[in-house]
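# Coordinate analysis (summary)
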Amino acid sequence: MPIEPSVPNRLTLDSSASGGSGTEKTSQIQFSVEPSTEEHHVDIVDIRDSQQPLDLASDIRSGLQNQNEHGHRSLPSLLLWNERGLKLFEEVTYVPEYYLTNTEIELLKAHSLELADRIEPGTILLELGSGNLRKVRILLEAIEKLGKQVDYYALDLDRAELERTLGQLVDAGRFQHVRCHGLHGTYDDGQRWIALPENAGRPRCLLSLGSTLGSYSPPEAAAFLKKWADTLRAGDDSNSNATGTGTSSRIILGLDGCQDGERVFAAYNDPAGIHKKFILNALDNANAHLLGLGSGYQEFDARDWTVRGEWDAQGKRHVQYLVPLVNADIILPPHETDDPPVAVAVKANEKVQVASSYKFDEEDKARMSKESWLGVAREYLSPDGSYGVFLEHLTNCTSKYSTDARI
Ligand SMILES: C[S@@+](CC[C@H](N)C(=O)[O-])C[C@H]1O[C@@H](n2cnc3c(N)ncnc32)[C@H](O)[C@@H]1O
């Protein structure tokens, strides 16, 4: 990604501004604050949209009945992220071949103080897809060290896992200045939440670690970032107009660009089979999602399926497929109770796509910056240059050499 002209790196110790969680009161949309458990002392805000609950059953049905743009049936990748899936993914992060986690940990250890220095006191630090919190802890400890009052919000899909992981994070009173909260919901829910007036009026920093953005193709990732950047920019602008001072939001991204097919393949196809378990779990979760529509639903038997990983060099992505070992005749419950059930025949060895991990090269990253009007203020690269943690700021123009130095 292009780098903006360098700004002197100055470490400040500033504990003067206070945060205020700002989550319990809402003006337009009411979010309920679910009580923290005694054991963990964390508050989890339920920001799920009750009007539009996640409907994975529909996605399962249409994904199995139709071919995607790559000519495969598919299952929604969101099926990976139930409580068990999140626990299995935590195991994945300890797999030696899964270089993404260790590389990012090294980068954060080396540069977290510099990143923390650029986070204003009073900031809402919102992590999109927080997972097991192993890495963000490094940044939060750096913010704590600088004595900055910051509200950290871990956004993820499973409440029990938010409780567990946040409970471990705040355990032993590690943080005096950093306040840790959970947001239970999807990215879309998080976007509505961050735009609420009490949140939009504060400095905000988004965090996306672990190359989570890589589950999107480059154009999808650019569109996703643009939506978030536009939301942040609208808040910054209205705040700036109202007070004349303004805030300037930041985005911190961890992105993998490794194009070494063997290395990537090894990362997602570990000999111990942790990834395989993680991917197969999507089938059990599919049963659970379809269960809501038909009782005793057990059409997917994970014992009859295997997992196939493939490096697609042209597409710059690793793809995970679920593959039935024998012909799978699946009966899907209907959308409406009056409709007949839908029969889908997946042949033995047919690949059903469930996850993609795109590896963004320079061109992709430049495109993402340009299309979402982001400027790279700092980039921290792994020794081979393929993995990066990027601190981005919002610009008012699409020039990659923006001189907007609000950072
Ligand atoms: C690849 S994991 C990364 C976890 C963690 N950030 C890390 O670096 O290890 C992706 C995370 O994003 C979450 N996630 C995926 N899609 C999501 C969505 N639409 N809304 C909220 N969270 C989502 C998953 O539950 C998971 O925790």
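As shown above, the structure is provided for reference.
Structure report, in brief. Fair warning: this is a prediction, and the values are worked out from it, not measured in the lab.

Thresholds applied
Residues numbered from 1 in each chain as written. Predicted model: local features only at pLDDT ≥ 70, side-chain atom pairs only at ≥ 80, totals over all residues. Helix = DSSP H or I, 4+ residues; strand = E, 2+ residues; numbered from the N terminus. Buried ≥ 20, exposed ≤ 12 C-beta atoms within 10 Å, placed from the backbone. Contact = placed C-beta atoms within 7 Å. Near = placed C-beta within 6 Å. Nonpolar A, V, L, I, M, F, W, Y, C, P; charged D, E, K, R; others polar. Core = buried A, V, L, I, M, F, W, Y, C linked by C-beta atoms within 7 Å. Pairing = 2+ DSSP bridges. Axes fitted to C-alpha atoms, helices over the stretch in contact; angles between N-to-C directions. Parallel < 35°, antiparallel > 145°, perpendicular 65-115°, else oblique. Left-handed = near helix turned anticlockwise from the far one by under 90°. Expected span 1.5 Å × (residues − 1). Bend = angle between axes of the 7 residues up to and from the residue.

### Remarks on the overall build of the protein
The helix and strand inventory of the protein stands at 11 helices and 15 strands. Going through the 407 residues of the protein one by one, you find that 43% of them count as buried. Pairs at least 24 apart in sequence give 76% of the contacts found in the protein among residues at least 6 apart.

### Digging into the site of the ligand
Contacts to the ligand come from 18 residues, most closely from W81, G129, G131, T186 and G210. Of all the secondary-structure elements, those providing two or more residues to the shell around the ligand are α2 (83-92) and β5 (150-156). By residue class, the composition of the shell around the ligand is eight nonpolar, eight polar and two charged.

### Things to note about the nonpolar core
Soluble globular proteins: nonpolar side chains tend toward being buried together. Counting 58 residues, the largest nonpolar core has L125, L126 and L207 as the members making the most contacts within it. With six residues, helix α8 (residues 218-243) is the single largest residue contributor to this core. With near-sequence residues (within four places) excluded, L125 lies in contact with I119, V150, D151, Y152, Y153, C205 and L207. One finds L79, L290, W311 and Y321 within the second-largest nonpolar core, a separate group that totals 33 residues.

### What about the sheet that holds strand β9 (residues 305-312)?
An order of β3-β13-β10-β9 is seen for the four strands of this open sheet, with the pairing classed as mixed. Each edge of the open sheet carries a strand with a single partner, namely β3 (73-74) and β9. In terms of strand pairing, strand β10 (residues 317-324) meets strand β13 (residues 352-358) through six bridges, oriented antiparallel. Counted as the bridge partner of H318 is S357 from β13. In the packing of helix α10 (residues 274-291) onto the sheet, the strands contacted are β9, β10 and β13, and the crossing angle to β9 comes to about 120°.

### Digging into the packing of α2 against α10
Relative to each other, α2 and α10 sit at 170°, their axes nearing to 9 Å. In this view, α2 runs roughly antiparallel relative to α10, as classed from their interaxial angle. Note on element contacts: α10 touches α2 through I274, H275, K277, F278, N281 and N285, opposite R84, G85, L88, F89, E91 and V92. Of the residues contributing to the contact of α2 with α10, the split by class is five nonpolar, four polar and three charged.

### So, the environment of V346
Positionally, V346 belongs in strand β12 (residues 342-346). Looking at V346, the number of C-beta atoms within 10 Å reads 19, which means it is partly exposed. Between the C-alpha atoms of V346 and Q65, which are 281 residues apart in sequence, the distance is 9.6 Å. Each residue touching V346, except ones within four places of it in the same chain, is listed here: R73, P324, A328, I330 and V352.

### With respect to unusual backbone geometry
Phi angles above zero are rare outside glycine, and N349 is one such case at about 75°. Checked against the element boundaries, N349 lands in the loop between β12 and β13.

### Some points on the packing of helix α3 (residues 99-117) against helix α4 (residues 136-145)
Close contact between α3 and α4 brings their axes to 8 Å; oriented N to C, the two are set at 30°. Between α3 and α4, the interaxial angle falls into the category roughly parallel. Once α3 is placed against α4, the crossing between them reads as right-handed. In this structure, α3 uses I105, L108, K109, S112, L113, L115 and A116 to contact α4, whose residues at the interface are I138, L139, A142 and I143. Its residues placed into classes, the contact of α3 with α4 shows nine nonpolar, one polar and one charged.

### Points about the environment of Y153
Inspection of the secondary structure puts Y153 in strand β5. Exposure remark for Y153: the 26 C-beta atoms within 10 Å place this residue in the buried category. Each C-alpha atom of the pair Y153 and L166 lies 9.7 Å from the other, and the pair is 13 residues apart in sequence.

### Side note on α10
Think of an α-helix as turning once every 3.6 residues; residues three or four places apart then point the same way. Helix length check: α10, at 18 residues, gives a terminal C-alpha distance of 26 Å against a target of 26 Å (1.5 Å per residue), a fit within 8%. Among all positions in α10, only H275, F278, I279, L280, N281, A282, L283, N285, A286, H289 and L290 are buried.

### Digging into α3
An ideal rise of 1.5 Å per residue puts 27 Å on 19 residues; α3 measures up with 27 Å between its terminal C-alpha atoms. The largest bend along α3 measures about 65° and falls at H111. Turning to α3, its buried residues are L100, T101, T103, E104, L107, L108, S112, L115 and A116. Elements that come into contact with the buried residues of α3 comprise α4, β8 (250-256), α9 (261-268), β14 (374-381) and β15 (387-394).

### A closer look at the pairing of β13
Two faces make up the sheet, and in a regular strand the side chains alternate between them. Within β13, six of the seven residues are buried, which leaves it mostly tucked inside the rest of the structure. For β3 and β13, the ladder comprises two bridges, and the chain directions are parallel. Bridge pairing in β13 links S74 to Q353.

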